[in-house]
Amino acid sequence: MSASPNNPFDNSAKNWDTRRMSVQLAEVANLLLPQLVLNDRQHWLDFGSGTGLLSVPLAARVEQVTALDTSEKMLEVLAEKGVANIQTLNQNVFSGLPCDYDGVVSCMALHHVESTEALLKQFYQHLNNDGQLALVDLYAEDGSFHGDNEAKGVKHHGFDIEELRATAEAIGFVEVSFAEIMQLQHRNGREYPLFVMLARRS
């Protein structure tokens, strides 16, 4: 399956980085990257990269970043930032990844994928031995975070982390850990906590 020509994020791409939520999510990189083992020989995949809120700071620490997203317009915004060692990839993650990676990061994309198990299997299959996984997403919530969930392609109202841990460990991930990484201030007046899931391919 290729990237959708009617991606719901395409219309938001141009102003994505200035949205209140995006400004908050830009802080994730500062909180997440120090928890990873990074060096200038690594190639990382940023799943659901959007405009590169994670890809750009990550690219400053590693040799190459592949920024994967189904929204062509979001990737165009990222490409305009002119970071030489970021390669954009406009496709569905299940279409077949071109290579294996030293690590996979993702921020707020997991809840858009129907089968979390299939996604984690795909990551596992395309991680090098000892490869790192770092996923940031919502703890289980009541559906109020996105509001119009169907139109926004939302498949999960956050996650039960023990279920996520069990799924990851069954696939083969080791050293699976969870911690709250930040609280998002929503325009509805509520705060929504985000977790970071760290794991490693054995």
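Residues numbered from 1 in each chain as written. Predicted model: local features only at pLDDT ≥ 70, side-chain atom pairs only at ≥ 80, totals over all residues. Heavy atoms only, no water.

J.: Explain the environment of G48 to me, using residue names and the numbers behind them.
T.: Residue position: G48 is located in the loop between β1 (43–47) and α3 (55–59). With relative accessibility at 24%, the residue G48 sits in the partly exposed group. For G48, the contacting residues outside a window of four places in its chain are L68, D69, C107 and A109. (Helix = DSSP H or I, 4+ residues; strand = E, 2+ residues; numbered from the N terminus. Buried < 20%, exposed > 50% of the residue type's maximum accessible area, 1.4 Å probe, protein only. Contact = heavy atoms within 4.5 Å.)

J.: Mind laying out the nonpolar core, listing which residues take part and the relevant values?
T.: In terms of nonpolar packing, the biggest core is built from 32 residues, with V28, L32, L36 and L194 touching the most fellow members. Tallying contributions element by element places strand β7 (residues 191–201) first for this core, with four residues. Not counting residues up to four positions away in its chain, the partners in contact with L32 are L54, V105, A134, V136, I181, V196 and L198. If you look at the next biggest cluster of nonpolar residues, it comprises 29 residues, including L45, L68, L89 and Y101. (Core = buried A, V, L, I, M, F, W, Y, C linked by side-chain atoms within 4.5 Å.)

J.: Give me the lowdown on unusual backbone geometry, citing residues and values where you can.
T.: Where the residue is not glycine, phi is negative for most of them; where a peptide bond is considered, it is trans in most cases. At M108, a residue that is not glycine, the phi angle is positive and equals roughly 60 degrees. The phi angle at E175 is positive, at roughly 55 degrees, despite the residue not being glycine. Mapped onto the elements of the fold, E175 is located in strand β6 (residues 173–185).

J.: Which residues make up helix α4 (residues 72–80), and what are the values?
T.: Taken together, the buried positions of α4 are M74, L75, V77 and L78. Burial along α4 is one-sided: seen end-on, the buried residues are contained in an arc of 155 degrees. Next to the buried residues of α4 lie α3, β2 (64–69) and β3 (86–90). Positive backbone phi, at 70 degrees, marks G82, one or two positions downstream of α4. (Arc of directions from axis to C-beta.)

J.: Lay out the pairing of β7 with the relevant residues and their values.
T.: Where burial is concerned, most of β7 is hidden: eight out of the eleven residues are buried. Looking at chain direction, strand β5 (residues 127–138) and β7 are connected through seven bridges and run antiparallel. Paired with Q132 across the bridge in β7 is R200. Note: β6 against β7, ten bridges, orientation antiparallel. From the neighbouring strand, M182 faces β7, where its bridge partner is L194. (Pairing = 2+ DSSP bridges.)

J.: Hey, could you go over the packing of aromatic side chains for me, with residue numbers and the actual values?
T.: The final tally for this structure, using the stated rule, is seven aromatic pairs. Pairing F145 with Y192 gives two aromatic rings, centres 5.1 Å apart and planes at 80 degrees, and the pair type is edge-to-face. Highlighted residues: F145 in the loop between β5 and α6 (161–171) and Y192 in strand β7, separated in sequence by 47 residues. Centre to centre, the rings of F178 and F195 are 5.7 Å apart; their planes meet at 65 degrees, and the pair counts as edge-to-face. Here F195 lies in strand β7 and F178 lies in strand β6, a separation of 17 residues in the sequence. Here F178 and F195 have matching classes, each one buried. An aromatic cluster is present here, built from Y139, F159, F178 and F195 joined pairwise through their rings. Between the NZ or CZ atom of R19 and the centre of the ring of W16, over which it lies, the distance is 4.0 Å. (Phe/Tyr/Trp six-rings, centres within 6.5 Å; stacked < 30°, edge-to-face > 60°. Lys NZ or Arg CZ within 6 Å of the ring centre and 35° of its normal.)

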